[in-house]
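# Report on the structure
Residues per chain, in single letters:
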Amino acid sequence: MINKVRYSYLPQQFEDADDLWNNLKEFVKTGDFTLGKPLLEFEEKFAELMDVKYAIGVNSGTDAIKLALKAKGVGVGDEVITAANTFVATVGAICELGAVPVFIDCDDTFCMNVDLMEDKINEKTKAILPVHFTGYMTDMRKVMPLGDKYKIPIIEDACQSILGEIEGKKAGSWGDAGAFSLHPLKNLNVWSDGGLITTNDDQLNKDLRLLRNHGLVDRDTIGVMGYNSRLDTFQAVVGNWLIPQTKDIANKRISNAKFYDENLSVIPGIKIPPRPVDYKIVYHLYIVFAEDRDGLLQYCQDHGIEAKVHYPVPIYRQEGLKHLGYKLGDFPVSDEHAQKIISFPCDQHLSNEEMKYVIKTVEEYYKK
Ligand SMILES: *Cc1c(COP(=O)(O)O)cnc(C)c1O
């Protein structure tokens, strides 16, 4: 009998990794720590996985967004359109540049409702930053024409959607650039912070390689003022070990989500979000809508299930963004979600017994 369904699977993920430890030992002997060969290998493999020409390693997903925006000319006072219900890092990257986030409400796919976007575009808009939240994708089929029409660069925050797709085209391969995170909690993760930027643009690739490394053209020449934001080569060794598993990780999450969907959808009180057939959703988070959500959350936690809410207070209403002047009710769908959403563990290490226990516990709650 299982009495605990944990959220974090990290202790399991690297349990059986003797070959990785060997790779790390061999790597340490080379001393090739800064922009080393394993990093270049990892960048190539990642670009291939994502169907893009280039991937540029940086030190976090946040910096992936920030450097991409910066390279496209976003600076102080410029407006960047993004989602009202994202993780703080999306908005943090905008604010770090002195730019102003302009929020758009989401729909039931947890991504921005693209039909609301055109109204927010004005002469100050310098980038569009769709967030492919929870493993869904923003409907890029509608975002791309707006970028073209108004000549505004598009940077995708794909941190939660590695291998997500619409009509077979991958997250991070639609816009000018895509931002990915290798944070331990992400679907493809390393042992510390890390991130990557994807692009098909030759010039952007060159500019980003400069920006991440102090703007150094060579040891003695500073072409532009940049950042110290290299992806650690040590972490790239970890990335090289894990990257062959990325497709299996996504597929396992997809099959887990299918199992949950089938069994949870028949429970009165639970509503499954839309699953459009032309989307490949990779379930960084598995979220459903629940009646009496707080009661269910408590009941699950009391029964040893680490269910969570992503997030109880949407970013646009956080204390840290008070200066933007938004208030409760400005983004009604995000607000409604905050009351109804619940996340269950859905990762590649979750067992069928654990999922059955989650389903049984949810059933029990609504029978009470
Ligand atoms: C994780 C995440 C980021 C940033 O990633 P870090 O690597 O932690 O800096 C950005 N956006 C979203 C939506 C994320 O989930």
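Below is a summary of the structure that appears in this document. (Residues numbered from 1 in each chain as written. Predicted model: local features only at pLDDT ≥ 70, side-chain atom pairs only at ≥ 80, totals over all residues. Heavy atoms only, no water.)

### A look at the nonpolar core
As a reminder of what qualifies: In this text, buried Ala, Val, Leu, Ile, Met, Phe, Trp, Tyr and Cys residues form a nonpolar core when linked through side-chain atoms within 4.5 Å. With a 1.4 Å probe rolled over the protein chains alone, any residue whose accessible area is under 20% of its type maximum counts as buried; one over 50% counts as exposed, and the rest are partly exposed. The way it works is that DSSP assigns letters per residue, a run of H or I at least four long becomes a helix, a run of E at least two long becomes a strand, and they are numbered from the N terminus. For every domain, the bounds stem from an assignment made automatically or drawn from a database. Contact definition: two residues touch when any of their heavy atoms are within 4.5 Å.
Ranked by internal contacts, the top residues of the largest apolar core, which has 88 residues, are Tyr260, Leu264, Tyr286 and Phe344. Element by element, the count of residues in this core is highest for helix α12 (residues 352–367), at six residues. Residues lining this core come from more than one domain, with at least three contributed by each of domain 1 (10–244) and domain 2 (246–367). When residues no more than four places from it in sequence are discounted, the contact partners of Tyr286 are Ala257, Tyr260, Asp261, Leu264, Ile272, Arg275, Ile342, Ser343, Phe344 and Cys346.

### Focus: the environment of Lys124
The topology assignment puts Lys124 in the loop between β3 (100–104) and β4 (125–128). It is 41 Å that separates the C-alpha atoms of Lys124 and Pro345, two residues lying 221 residues apart in sequence. Setting aside anything within four residues of it in sequence, one finds Lys124 in contact with Gly77, Asp78 and Glu79.

### Some words on the sheet that holds strand β2 (residues 79–83)
What counts is decided by this rule: Following DSSP output, two strands are said to pair if at least two bridges run between them. In this description, a line fitted to the C-alpha atoms serves as the axis of each element, helices being fitted only across the stretch in contact, and the angle between N-to-C directions of two axes falls anywhere from 0 to 180 degrees.
Spatial ordering of the open sheet is given by β3-β2-β4, a layout of three strands whose pairing is parallel. Unpaired on one side and paired on the other, β3 and β4 mark the two borders of the sheet. Between one strand axis and the next, the sheet turns by 35° as a mean value, whatever way the strands run. Alignment of β2 against β4, held across three bridges, turns out to be parallel. Bridge pairing in β4 places Val80 opposite Ala127.

### Quick notes on the sheet that holds strand β7 (residues 169–170)
In spatial order, the strands read β7-β6-β13; together these three strands make up an open sheet with antiparallel pairing. What marks the edges here is a single partner per strand, and that holds for β7 and β13 (279–280). For strand β6 (residues 165–166) and β7, the ladder comprises two bridges, and the chain directions are antiparallel. The residue of β7 that forms the bridge with Glu165 is Lys170.

### Examining the pattern of salt bridges
Test applied: For this analysis, a salt bridge means a side-chain nitrogen from Lys or Arg found within 4 Å of a carboxyl oxygen belonging to Asp or Glu.
Applying the stated criterion across every chain, the model contains 27 salt bridges. Notably, a salt bridge pairs Arg212 with Glu43, separated by 2.7 Å at the nearest N-O pair. Highlighted residues: Arg212 in the loop between α7 (202–211) and β10 (216–218) and Glu43 in helix α3 (residues 37–49), separated in sequence by 169 residues. Assigned by exposure class, Arg212 and Glu43 land together as buried. Among the salt bridges present, the one from Lys340 reaches Glu336, with a minimum N-O distance of 2.6 Å. Placement of the pair is Lys340 and Glu336 together in helix α11 (residues 332–340), with a separation of four residues, close to one helical turn. With a relative accessible area of 35%, Lys340 lands in the partly exposed category.

### Points about the site of the ligand
Threshold: We call a residue near a molecule or strand as soon as one heavy atom of that residue lies within 4 Å of the molecule or strand. The term polar contact refers here to a pair of N or O atoms within 3.5 Å; inside protein, the definition further demands a hydrogen-donor-capable atom paired with an acceptor-capable atom, and it admits residues adjacent in sequence only when both atoms are side-chain atoms. Using a 1.4 Å probe, accessible areas were evaluated by the Shrake-Rupley method; residue-level cover was limited to the displayed protein chains. Each residue gets one of three labels, nonpolar for Ala, Val, Leu, Ile, Met, Phe, Trp, Tyr, Cys and Pro, charged for Asp, Glu, Lys and Arg, and polar for the others, Gly among them.
Around the ligand, the structure places 16 residues, and the nearest of them are Gly61, Thr62, Asp157, Ser181 and Lys186. Side-chain polar atom of Thr62 to an oxygen atom of the ligand: 2.4 Å apart, as the coordinates give it. A distance of 2.7 Å separates a nitrogen atom of the ligand from a polar side-chain atom of Asp157. Bound to the protein, the ligand loses 94% of the 380 Å² it would expose on its own. If you tally residues by element for the shell around the ligand, the top one is helix α4 (residues 61–71), at three residues. Considering only residue class, the shell around the ligand consists of five nonpolar, nine polar and two charged.

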